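Summary of the model geometry
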Amino acid sequence: MRNALGGPRLLLRRLREAMAEPISAQARLDKIVVTIAANMVAEVCSVYVLRGDGRLELYATEGLNREAVHLTTMRAGEGLVGLIAESAEPLALDDAQSHPAFSYKPETGEEIYHAFLGVPILRGGATLGVLVVQNRARRIYSEEEVEAAQTTAMLLAEMIASGELQALAQPGDPTALRRAMTLHGATLAEGVGLGHVVLHEPRVVIKQLVAEDPAAETARLEAAIQALRDEIDTLIDRGDRLGAGEHREVLETVRMFANDRGWIRRLREAIATGLTAEAAVERVQSDARAKLQRQTDPYLRDRLHDLDDLAHRLLHQLTGQSFVEAREILPDNAILVARTMGPAALLDYPRAKLRGLVLEHGGATAHVAIVARAIGIPAVGDVANVTDLVEPGDAIIIDGNAGDVQLRPATDVEAAYAEKARLRARRQEQYRALRDAPAMTRDGVDVKLNMNAGLVVDLQHVEETGAASIGLFRTELQFMIAARFPRASEQESLYRRVFEAVGDKPVTFRTLDIGSDKVLPYMVKVEEENPALGWRAIRIGLDRPGLLRMQLRAMLRAGAGRDLRIMFPMVASIGEFEAARAIVVRECAHLARHGYPAPRDLKLGVMVEVPSLLFELDALCRRVDFLSVGSNDLMQYLFAADRDNRRVAHRFDPLSPPALAALGAIAQAGARAGVPVTLCGEMGGKPLDALALAAVGYRSLSMSPASIGPVKAALRAVDLAELRTMLRPLIDDGDDSAPVREKLRAYAEANDIPL
Ligand code: PEP
Ligand code: MG
């Protein structure tokens, strides 16, 4: 249907004028509904806005009873407006009242209208409200009119997103977009951070929504699509990765979409309604998101990410905006929000400005979590839909201990967290004061506290924390954050930097511990039924000795004239250690033949993380120079509970009698043989667990840098002999009157031991 006032483009021009006028938000909205009604020759035009409580509120109307504005509300799902909000699909009816979902609101006086056209107001696929036009006569709205209404809704979405309508919200009823939310996820890195949202992949800011010359916009669109296709083809041909997760498969899917005729047609149609090329991309993408988000099929939902990726790339082509700029203008208290992030990308941000990281995908084993812990920022992962729920600049709080995220928090919530953060900072201050004090118990037992590391950024913490040594250097991290296999010279240069950073303190390097969850993106993935029980760590090292040899050579060269300790992960039998040692011996001989100086002192050890070793500890101690207990893996194998599976990871307690008996047996075997034993799993860094470990015989623990202060404070407050007397019957005699953990906690509380 041709309408009286010159079609959708004129409508958009009028609306743009209304948007620019210096009038109040309500006056602007009122003007907008009048303009739409006139342009579409409709008697009614109404705007409903979705509120934080899930209700749709009438914000403006031309044609319905004005008194109903800000009074009429309905649930999503209730009536035609509610149906549109819920389905996120337009609805055009020639007789609204005969639709089963029609619900009559007497205060609006709408019973006299028959024809009804409603479209969702969408942004990023999320419903923000509903735009409705109605006519008294029964009539059929044309496809063009539906299109025009959708384009108009996009302008309203911008108005809602800008926060302008917030001024019209009733106290206590903010618009859905601005409401406070508590989101839950998985703990990736501990700590509390308050700040503002920064999107890791910023949405492209579209400055111009409305265009005068559709032909020119179509030409811009086609040129951008062509450039995008060329770019993707080049990437695929080069077989390159642009960043984590961006591999061939994703690019192939993006290429498929970029050639999809339906998609291109929808873009052209959106331009024809008067939008700029970039606004058209955003609109089509928003519709696609709304549809795909309502899919239950995980395959289809996954395609959403590919489509997002495509839209994102196209917008960058069209606007020339780059990610780098956003990174450079980071606010001082940035909390990064990302769908996923590679570990190297996080390292690219200036640490001083980061207060936290929130990921939509990625649990505790995500490699970026390791980096977050290393640089000491709180991180929460597995937060469903978070990238859609935030707006850049939103106030946000991250609680890495509880795995919670507070979005747009109320002032009392913010005050409570600010207090929590201050308390933490005060505690850190106290820990720093303990830096040079020994971790000596009240009855004079000295426990060495060492530090776990794996990245260059970790090294500064040796000095800061006063760690006795690097008790575990996870060499695989260098491999995991690299885009390709690190060369021998790169490995050697990292190990040299480690030695330089520690001065005279010893370093224990662990050989490559890959496989299972630790995958290298550039290595062919081996499909296994049970990767945790599969081809990993030393098993790969012994089967592919070239790899192990290259790494050992780098360690030996970097360790010339130094105290070098090397340990092997996931050893399950003495024979495996013997085989690994033979490779070291051969490498030493090789280097000596070529005139390289040897380490001043070379010690070889085994990580105890496979339970089979528990039954040959004495024989093992006769062969090794030291042992290091990998309690993370040891516990998962002892209790047959996958450490990365949240459903089962908490089904056992490392402070239960069997766990403590096993851990105690290792410490005692070491003590009998005069072989030093360290424990380098996560439990060593928890004050309560550290007390129990000291009680069963551990005199050396290695932990993340942030744990050294709290563990030291706890150890310095305990009388170990007394604690041992309290614990021994619980472990030895299986006294199960109460869990060990509870008794230990009660003991700590009664004795003023800080935990
Ligand atoms: C362990 O298993 O406890 C350990 C320290 O090694 P990782 O956590 O790197 O497997
Ligand atoms: Mg391990």
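Reading guide: rules and limits
- Residues numbered from 1 in each chain as written.
- Chains lettered and ligands numbered in written order.
- Predicted model: local features only at pLDDT ≥ 70, side-chain atom pairs only at ≥ 80, totals over all residues.
- Heavy atoms only, no water.
- Helix = DSSP H or I, 4+ residues; strand = E, 2+ residues; numbered from the N terminus.
- Buried < 20%, exposed > 50% of the residue type's maximum accessible area, 1.4 Å probe, protein only.
- Areas by Shrake-Rupley, 256 points an atom, 1.4 Å probe, with all protein chains shown as cover.
- Lys, Arg positive; Asp, Glu negative; His and termini not counted.
- Charge placed at Lys NZ, Arg CZ, Asp CG, Glu CD.
- Expected span 1.5 Å × (residues − 1).
- Contact = heavy atoms within 4.5 Å.
- Axes fitted to C-alpha atoms, helices over the stretch in contact; angles between N-to-C directions.
- Parallel < 35°, antiparallel > 145°, perpendicular 65-115°, else oblique.
- Left-handed = near helix turned anticlockwise from the far one by under 90°.
- Nonpolar A, V, L, I, M, F, W, Y, C, P; charged D, E, K, R; others polar.
- Salt bridge = Lys/Arg side-chain N within 4 Å of Asp/Glu carboxyl O.
- Domains from an automatic or database assignment.
- Buried area = accessible area lost by both parts, 1.4 Å probe.
- Polar contact = N/O pair within 3.5 Å; in protein donor to acceptor, adjacent residues only side chain to side chain.
- Pairing = 2+ DSSP bridges.
- Donors = N, O, S within 2.8 Å, 3.2 Å for Na, K, Ca; no water.
- Near = heavy atom within 4 Å.
- Phe/Tyr/Trp six-rings, centres within 6.5 Å; stacked < 30°, edge-to-face > 60°.
- Core = buried A, V, L, I, M, F, W, Y, C linked by side-chain atoms within 4.5 Å.

1. Concerning the overall build of the protein chain
- Counting its secondary structure elements, the protein chain contains 27 helices and 22 strands.
- When the backbone C-alpha atoms are referred to their principal axes, the protein chain occupies close to 95 × 60 × 45 Å.
- Looking at the protein chain as a whole, 53% of its 755 residues qualify as buried.
- Accessible surface for the protein chain amounts to roughly 32,200 Å². Of this, 52% is attributable to carbon and sulfur atoms.
- With 91 positive and 103 negative side-chain charges, the protein chain shows a separation of 5 Å between the mean positions of the two kinds.

2. Examining helix H2 (residues 25-39)
- Across its 15 residues, H2 extends 21 Å between first and last C-alpha, which sits within 8% of the 21 Å expected from 1.5 Å per residue.
- Extensive coverage of H2 is indicated by the burial of 11 of its 15 residues.
- Looking at the buried positions of H2, the neighbouring elements they touch are helix H1 (7-20), strand E1 (44-50), strand E2 (55-62), strand E6 (126-135) and helix H4 (143-161).
- Backbone geometry just downstream of H2 places Val-41 in the positive-phi region, at approximately 45°.

3. Overview of the packing of helix H22 (residues 631-638) against helix H23 (residues 657-673)
- As a packed pair, H22 and H23 sit with axes 11 Å apart at the nearest point and diverge in direction by 130°. The pairing of H22 with H23 is recorded here as oblique in orientation. The handedness of the crossing between H22 and H23 comes out as right-handed. Counted together, Leu-634, Met-635 and Leu-638 of H22 and Ala-659, Ala-662, Leu-663 and Ile-666 of H23 form the full contact between these two elements.
- Along the lines of polarity and charge, the residues of the contact of H22 with H23 split into seven nonpolar, no polar and no charged.

4. Observations concerning the pattern of salt bridges
- On inspection of all chains with the given rule, the structure shows 47 salt bridges.
- With a shortest N-O distance of 3.2 Å, Glu-429 and Arg-432 are connected by a salt bridge. Of this pair, Glu-429 and Arg-432 both sit in helix H14 (residues 411-433), three residues apart, roughly one helical turn.
- Across the salt bridge formed by Asp-436 and Arg-435, the nearest N and O atoms sit 3.1 Å from each other.

5. Overview of the domain arrangement of the protein chain
- For the protein chain, the domain assignment lists domain 1 (7-178), domain 2 (181-202 + 325-424), domain 3 (214-319) and domain 4 (438-750).
- The C-alpha-based centres of domain 1 and domain 2 are spaced at 35 Å.
- Opposite the five residues of domain 1 that make contact, domain 2 presents four residues.
- Between domain 1 and domain 2, roughly 410 Å² of surface is buried when both sides are summed, and carbon and sulfur atoms account for 31% of that area.
- For the domain 1 face of the interface with domain 2, the top three residues by lost area are Arg-123, Leu-177 and Arg-178, together amounting to 76%.
- The interface formed by domain 1 and domain 2 contains one salt bridge.
- The partner of Arg-123 in a salt bridge is Glu-391, and the shortest N-O contact between them spans 3.1 Å.
- At the junction of domain 1 and domain 2, the tally comes to one residue pair in polar contact (both at pLDDT 80 or more).

6. Here we look at the sheet that holds strand E10 (residues 334-338)
- A sheet is described by the order of its strands in space; here eight strands give the open sequence E7-E14-E13-E9-E10-E11-E12-E8, paired in mixed fashion. Here the strands that pair on one side only, and so sit at the sheet edges, are strand E7 (181-184) and strand E8 (186-189). The sheet shows a mean angle of 30° between the axes of neighbouring strands, taken without regard to direction.
- Of the pairings in the sheet, the one linking strand E9 (residues 192-199) to strand E13 (residues 395-399) comprises five bridges and is antiparallel in character. When the sheet's bridge partners are listed, Leu-194 is paired in E13 with Ile-397.

7. Brief notes about the coordination of the magnesium ion (ligand 2)
- Distances from the magnesium ion (ligand 2) to its protein donors, namely Glu-609 (OE) and Asp-633 (OD), fall within the range 2.0 to 2.2 Å. Taken together, the positions of Glu-609 in the loop between strand E19 (601-608) and helix H21 (617-623) and Asp-633 in helix H22 put the pair 24 residues apart, joining distant regions of the chain.
- Note on Asp-633: relative accessible area 2%, which makes it buried.

8. Overview of the site of ligand 1
- As a structural note, the neighbourhood of ligand 1 is formed by 14 residues, with Arg-474, Arg-510, Lys-518, Asn-632 and Arg-643 the closest of them.
- A distance of 3.1 Å is found between an oxygen atom of ligand 1 and a backbone nitrogen or oxygen belonging to Ser-631.
- For ligand 1, an oxygen atom lies 2.8 Å from a polar atom in the backbone of Asn-632.
- Isolated, ligand 1 exposes 290 Å² of accessible area, and the fraction of that covered by the protein chains is 98%.
- Going through the elements one at a time, strand E16 (470-474) and H22 are the ones with two or more residues in the shell around ligand 1.
- Sorting elements by how many residues they give to the shell around ligand 1 places H22 first, with three residues.

9. Quick look at the sheet that holds strand E5 (residues 115-123)
- Strand order in the open sheet formed by six strands is E3-E2-E1-E6-E5-E4, and the pairing between neighbours is antiparallel. Every other strand in the sheet has two partners, leaving strand E3 (73-75) and strand E4 (91-93) as the edge strands with one partner each. When strand polarity is set aside, the average angle formed by the axes of neighbouring strands in this sheet is 20°.
- Relative to E2, E1 runs antiparallel, the two sharing six bridges. Note that in E2 the partner of Tyr-48 across the bridge is Leu-58.
- H2 contacts E1, E2 and E6 of the sheet and is inclined by roughly 70° relative to E2.

10. Some words on the pairing of strand E17 (residues 507-510)
- Every second residue of E17 is oriented toward a common face, with Val-507 and Phe-509 on one face and Thr-508 and Arg-510 on the other, all of them buried.
- As paired strands, E16 and E17 are joined by three bridges and run parallel to one another. Bridge pairing in E17 places Ile-470 opposite Val-507.
- Taken together, the four bridges between E17 and strand E18 (residues 563-568) define a ladder with parallel strand orientation. When the sheet's bridge partners are listed, Arg-510 is paired in E18 with Met-567.

11. Points about the packing of aromatic side chains
- For the coordinates displayed, the defined rule picks out six aromatic pairs.
- For the pair Phe-499 and Phe-509, a centre-to-centre distance of 5.6 Å together with 65° between the ring planes defines the contact as edge-to-face. On the criterion of sequence distance, the pair formed by Phe-499 in helix H17 (residues 488-502) and Phe-509 in strand E17 is long-range, its members being 10 residues apart. The pair Phe-499 / Phe-509 is uniform in exposure class, with both members buried.
- Put simply, the rings of Phe-473, Tyr-495, Phe-499 and Phe-509 touch in pairs and so form one group of aromatic residues.

12. Considerations on the nonpolar core
- Residues Met-341, Leu-346, Leu-627, Leu-663, Ile-666 and Tyr-698 are the most contacted members of the largest nonpolar core, which totals 121 residues.
- Mapped onto the domain boundaries, this core takes at least three residues apiece from domain 2 (181-202 + 325-424) and domain 4 (438-750).
- If we skip the residues at most four places from it in the chain, Leu-346 touches Leu-336, Met-341, Leu-354, Leu-357, Val-368, Val-371, Ala-372, Ile-375 and Ile-377.
- In this structure, Ile-121, Val-146, Leu-165 and Val-284 belong to the second largest nonpolar core, which totals 72 residues.

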